[in-house]
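Structural description and commentary
Now for the letters of each chain:
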Amino acid sequence: MAVHPARANDRAHDSWRLVWASLTRADVAGLGGYVALSLAAALAGGVAAVALVPLIQPDHTWPIAARVPGLDGGMDTRIAVFAVAMGGFALLRWLAARCGARQISAYGMRLRRQVHARLIDASLGSLADATSAEIANVLTHNVEVIVQGLSALQQLVLAGLTCAVSLAFALWVSPPLALAAPLLAAVGLLASRLFGREQSEVARQYVADMTRLFWHSEDFPRRLRHVRSFGREDAEKAGYADVSSRLGDGYRRQLELVASGRLVLELLAAASITAIFLLAQRWHGIDQASVIAVCLLLGRLLPYLVSTRQSFQQLRSAGPALELRERYMHMPPALGPIATTSARRDPVLIERMRVTPPVPGVVVEHLPLVPGEMTLVSGDSGIGKSSLVDALAGMAAPQLFVASMDGNDVDFDTYRQRVRHSAYVSQSVRPWQRTVRECLHWADPLATDDVLHGVLKDVGLDQRLAASQRGLDTDLHSSASRLSGGELQRLLLAQVILRQPVMALLDEATSALDAPSELRVLGTLKARLPHTILIVVSHRPGVAALADQQLDIGSGLATALTRRATDAPISESAGRLSIRS
């Protein structure tokens, strides 16, 4: 794999910078505690390695033993010193591991909450180009890769401290033998960077391929029906196999690079210990016990050196994952917060409003929105119905907005506050709660079982749940009790009834129902929401019989706003909808 050297080095540096930049003060403080415990553990381990030498050579006089309390005493004292040092090492490593685990856990939870909160608060326009597969990746696997990066950083800190302490002990025990330490460190650093460039590229491609795999797995049951209807099973299998193959190759290459780096480090460690023995043999005056101590000190570094390769690889993989996360974290927010006030249910007259897309824009003029009335929005697909509904819901700012309420002009922020207590249901929304009860309590946590049964009867789900042994606790995702697409839409409409919103917006929210069922459910919904402005997007002409007014978005031709005869004073206002350049 050809990689531009400068670009690869920049990416390797960015991984360190991005991981460090993602840490809060609390994370840094936790990392400081981990460093302190790891340093104490490394010191205890060094003392244990030095204390082992007099036990191996009890009759050998070792000058360095006089510098360590207890090592120049009897065998019982030496054993006690070694036991205390090893016990302290084990305890401190355990405490450090617990500290690190708590930090990793808190870090992962914070990343997930932050990116999910940012997505919840993001503007609808900023999410227009984001695929649901990539969003699923950002919320799940991508966070795991970043967490592994912080874990790798911890392991690198531990390895660095252990190496520094062991080399310091080696220098203290035998300065001549430790003279090779700078050279060994330089060679070790060179070995750690042997495959860094390729690892950065492999990690970046792995993140991209994982997103593609999420895309292939998205909404699989509906996707499967689409694939089968086109007779493209073989093409779908081939496409999935291609992405899986790239993922497998990337994972294999990651492990191969780790193994290659481990081989280099292990050979380096073997060569270093061999060189120490050769140096001790040729350099007269070096005590044999010192040789053993230095070999023990350097030998305990081998596991850390072996794991360092994998830690570097995980840290590099975190870089692309953090870049993807940061892209979502910097999405522009939705419209500003709305002050919480009591919900007013007065009529609103939208005198003029322009929304995009599509370009040049959909313009609405003299549109009355009256509580208890249903407005049907119809038109060809892609002509701007959803953009219009987003603006009516107060979720997307229109290019132009002129409206009045009680004869007083209101701006869009005031209008948003007016319709804040709303309910929006789209045909593509599927309940994510586990049971029917959880789904309904999500809309109204205080609703009693009697109320829940009542709204289920309103939307025609009472008999379906009566046939289930678990009733309100029927599992929405179990193969034995899974609701159909139309039943799930009925369940979401039951949420709307529970909420009793100021405005309810149904964007083809009854598309999975047959025409008679759609009319029955919408009729019941209108009756159960007498103080709600009801806006329905539908392609079925029969819905017009229930609507008090209909907005038909034509293909460039101005059309009149059709209203049924009513005694409401505001009904005298005429209206029309047109596409303007």
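The model shown is predicted, which means the values in this text are computed figures rather than measured ones.

Further remarks concern the overall build of the protein. The helix and strand inventory of the protein stands at 19 helices and 12 strands. Expressed as a percentage of contacts within the protein between residues at least 6 apart in sequence, the contacts between residues at least 24 apart total 78%. As displayed, the protein has an accessible area near 28500 Å², and 59% of this comes from carbon and sulfur atoms.

Another point: helix α15 (residues 436-443). Of the positions making up α15, those classed as buried are V436, C439 and L440. In an axial view of α15, the angular spread of the buried residues amounts to 90 degrees, which keeps them on one side of the axis. Residues of α15 that are buried sit in contact with α16 (449-458), α17 (462-466) and α18 (485-499).

Let us look at the confidence of the model for the protein. With 75% of its residues at a pLDDT of 70 or more, the protein has an overall mean of 79. For the protein, per-element mean pLDDT is lowest for strand β12 (residues 576-579), which scores 40, and highest for strand β8 (residues 533-537), which scores 96. Throughout residues 1-10 the model reports pLDDT below 50, and contacts reaching past four residues in sequence, or to other chains, amount to 11 contacts. Counted against residues more than four places away or in other chains, residues 567-581, with its pLDDT under 50, gives 48 contacts.

Time to look at the packing of aromatic side chains. Throughout the structure, instances matching the rule amount to four aromatic pairs. Look at F401 and Y415: their rings are 5.2 Å apart centre to centre, the planes differ by 50 degrees, and that puts the pair in the tilted class. Highlighted residues: F401 in strand β4 (residues 400-405) and Y415 in helix α14 (residues 412-418), separated in sequence by 14 residues. In this structure, F401 and Y415 share a single accessibility class: buried. Summarising the aromatic geometry, the rings of W432 and W442 are spaced 5.3 Å apart at their centres and angled 85 degrees between planes, so their arrangement reads as edge-to-face. Separated by 10 residues along the polypeptide, W432 in the loop between β6 (422-426) and α15 and W442 in helix α15 bring together distant segments of the chain. Overall, W432 belongs to the exposed group, its relative accessible area being 57%. Of the aromatic side chains, those joined through ring pairs into one cluster are F401, F412 and Y415.

Parameters at a glance
- Residues numbered from 1 in each chain as written.
- Predicted model: local features only at pLDDT ≥ 70, side-chain atom pairs only at ≥ 80, totals over all residues.
- Heavy atoms only, no water.
- Helix = DSSP H or I, 4+ residues; strand = E, 2+ residues; numbered from the N terminus.
- Contact = heavy atoms within 4.5 Å.
- Areas by Shrake-Rupley, 256 points an atom, 1.4 Å probe, with all protein chains shown as cover.
- Buried < 20%, exposed > 50% of the residue type's maximum accessible area, 1.4 Å probe, protein only.
- Arc of directions from axis to C-beta.
- pLDDT = per-residue confidence, 0-100.
- Phe/Tyr/Trp six-rings, centres within 6.5 Å; stacked < 30°, edge-to-face > 60°.

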